[in-house]
Amino acid sequence: SVFDEGDSYLARLLVLEVMPKNIDIPERPYIPEAEFALRKISDYQTALLRDYSDSFYSEFSPCGQFVAAAAGRPYSGSGGVCIWDARTGQLLKLLSGQISGAESAKYDTTGNLLVSVSGRNIDIWDVRNGKEIKTFDIEGGADYAEFSHDGKYVLSLTRTFGTVRILEWKTGTLLAIIHSSYIFPNPQDPFCPLSFASAKLCLNKNNIILTFYDNPIVVWNIKKGKVVKTINCGGSQSLVTSPDGTT
């Protein structure tokens, strides 16, 4: 049955049967099998990573067929980026670089490349063959890295030092480095920078959106070297953009 096999595609089709075309005038009956299927696939996908301890970050590939999980603490001697089959739960690949373990892993928009962070290293992988393409040694290490929407750049974030770097990864050229002290100097301790919560490179490559835990969201213009827009809020822990990168 659907809920025994964890068929996510059929589960989505079934939920369409449950949802009425007009909420005020329901035209379709409730189908228990749809609820069972959705519950099953949800539990099934959540359980994929339970067999691997110390998983810091995981996400589905753009096609939804695979899960990449950053697992194992850096320098622990084990772990790396685990690539799982999202439907069967089978471990397909373990990507492990010069430094064992991994703290984050992000696909590019094609799903063919993956960037991971482990200690001081940022690694670029070809997911199709499991080979490491590039490695960058980042001063002070990094907590997180991701591709720009076009895949040409890698953005890394180091929370401890309040630093964001933008690399043209194929050439290794450092496009920009931004310190949180440029934007919000720490009034309590000028030698202890405020931590960035997250960062996103805009499609035009000129602006970067930066979030802080206890400060407004800001848009930083790389060429001008200054804040061009401020979004007042009580702080933010994460930032998500639309799949096409426009919003």
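Look above for the structure.
This is a predicted model, so every value here is computed, not measured. Positions within a chain are numbered from 1, following the residues in the order the chain's sequence is written. With pLDDT at 70 or above as the cut-off, local features in this predicted model cover only qualifying residues; side-chain atom pairs require 80 or more to be listed or tallied, and sums for whole chains, interfaces and linings still use all residues. Side-chain metrics in this entry use all non-hydrogen atoms of the structure; hydrogen atoms and water are not considered.

A look at the overall build of the chain
Strands here mean DSSP runs of E at least two residues long; helices mean DSSP runs of H or I at least four residues long; both are numbered from the N terminus. Helix and strand content of the chain: three helices and 16 strands. Note on exposure labels: buried denotes an accessible area under 20% of the residue type's maximum, exposed denotes more than 50%, and partly exposed covers the range between, all computed with a 1.4 Å probe on protein chains only. Counting over 247 residues, the chain shows a buried share of 40%. Expressed as a percentage of contacts within the chain between residues at least 6 apart in sequence, the contacts between residues at least 24 apart total 37%. To be clear on the numbers: accessible area is Shrake-Rupley with a 1.4 Å probe, and residue cover counts the displayed protein chains and nothing else. Total accessible area on the chain is roughly 13600 Å²; 52% of this is exposed by carbon and sulfur atoms. The contact rule is simple, with two residues in contact once any of their heavy atoms fall within 4.5 Å.

Observations concerning the pairing of strand E3 (residues 80-85)
Counting buried positions along E3 yields six of six residues, so the element is predominantly enclosed. A pair of strands counts as paired when DSSP detects no fewer than two bridges linking them. Here strand E2 (residues 66-71) pairs with E3 via six bridges, running antiparallel. Each residue of the ladder has a partner; that of valine 67, found in E3, is tryptophan 84. Here E3 hands over to strand E4 (residues 91-95) after five residues, with glycine 89 in that stretch at a positive phi of 80°.

Comments concerning the packing of aromatic side chains
Centre distance within 6.5 Å is the pairing criterion for rings of Phe, Tyr and Trp, where only the six-membered ring of Trp is used; planes under 30 degrees apart are then read as stacked, over 60 as edge-to-face, and the remainder as tilted. Per the stated rule, a full pass over the model turns up one aromatic pair. Relative to tryptophan 169, the ring of phenylalanine 147 has its centre 6.3 Å away and its plane inclined at 75°; by these criteria the two rings are edge-to-face. Of this pair, phenylalanine 147 sits in strand E9 (residues 144-147) while tryptophan 169 sits in the loop between strand E11 (163-168) and strand E12 (173-179), and the two are 22 residues apart along the sequence. An identical accessibility class is assigned to phenylalanine 147 and tryptophan 169; each is buried.

Focus: the sheet that holds E12
The antiparallel open sheet is built from four strands, whose spatial order is E9-E10-E11-E12. Of all the strands in the sheet, the pair left with one neighbour each is E9 and E12. Direction aside, neighbouring strands of the sheet carry axes that sit 15° apart on average. Inspection of the sheet shows strand E10 (residues 153-158) paired to E11 by six bridges, in the antiparallel sense. By the bridge assignment for E11, serine 156 is matched with arginine 165. To get an axis, fit a line to the C-alpha atoms, keeping to the stretch in contact for a helix; angles then go from 0 to 180 degrees between the N-to-C directions.

Some remarks on the sheet that holds strand E14 (residues 207-212)
Taken in spatial order, the four strands make up an open sheet running E13-E14-E15-E16, and their pairing is antiparallel. The outermost strands of the open sheet, each flanked by one partner alone, are strand E13 (196-201) and strand E16 (226-231). The average angle at which neighbouring strand axes cross in this sheet is 25°, direction not considered.

As for the nonpolar core
Residues belong to a common nonpolar core when they are buried Ala, Val, Leu, Ile, Met, Phe, Trp, Tyr or Cys residues joined through side-chain atoms within 4.5 Å. If you look at the biggest cluster of nonpolar residues, it comprises 17 residues, and the most contacted ones within it are Val164, Ile166, Ile178, Ile183, Phe196, Ile208 and Leu210. Secondary structure elements with two or more residues in this core: E10, E11, E12, E13, E14 and strand E15 (217-221). Core analysis: the next-biggest nonpolar cluster, separate from the first, contains 13 residues, Ile122, Ile124, Ala145 and Trp169 among them.

Considerations on the pattern of salt bridges
Just to be clear on terms, a salt bridge is a Lys or Arg side-chain nitrogen sitting within 4 Å of an Asp or Glu carboxyl oxygen. Applying the stated criterion to the full structure yields three salt bridges. Here glutamate 59 ties to lysine 106 by a salt bridge, and the two come within 3.1 Å at their closest N and O atoms. Taken as a pair, glutamate 59 in strand E1 (residues 55-60) and lysine 106 in strand E5 (residues 104-107) lie far apart in primary sequence, 47 residues in all. On the accessibility criterion, lysine 106 (14% relative accessible area) is buried. A salt bridge links aspartate 137 to arginine 120, with the shortest nitrogen-to-oxygen separation between them at 2.8 Å. Of this pair, aspartate 137 sits in strand E8 (residues 131-137) while arginine 120 sits in the loop between strand E6 (113-118) and strand E7 (121-126), placing them 17 residues apart in sequence.

All quantities given are derived from atomic positions and should not be read as evidence of function.
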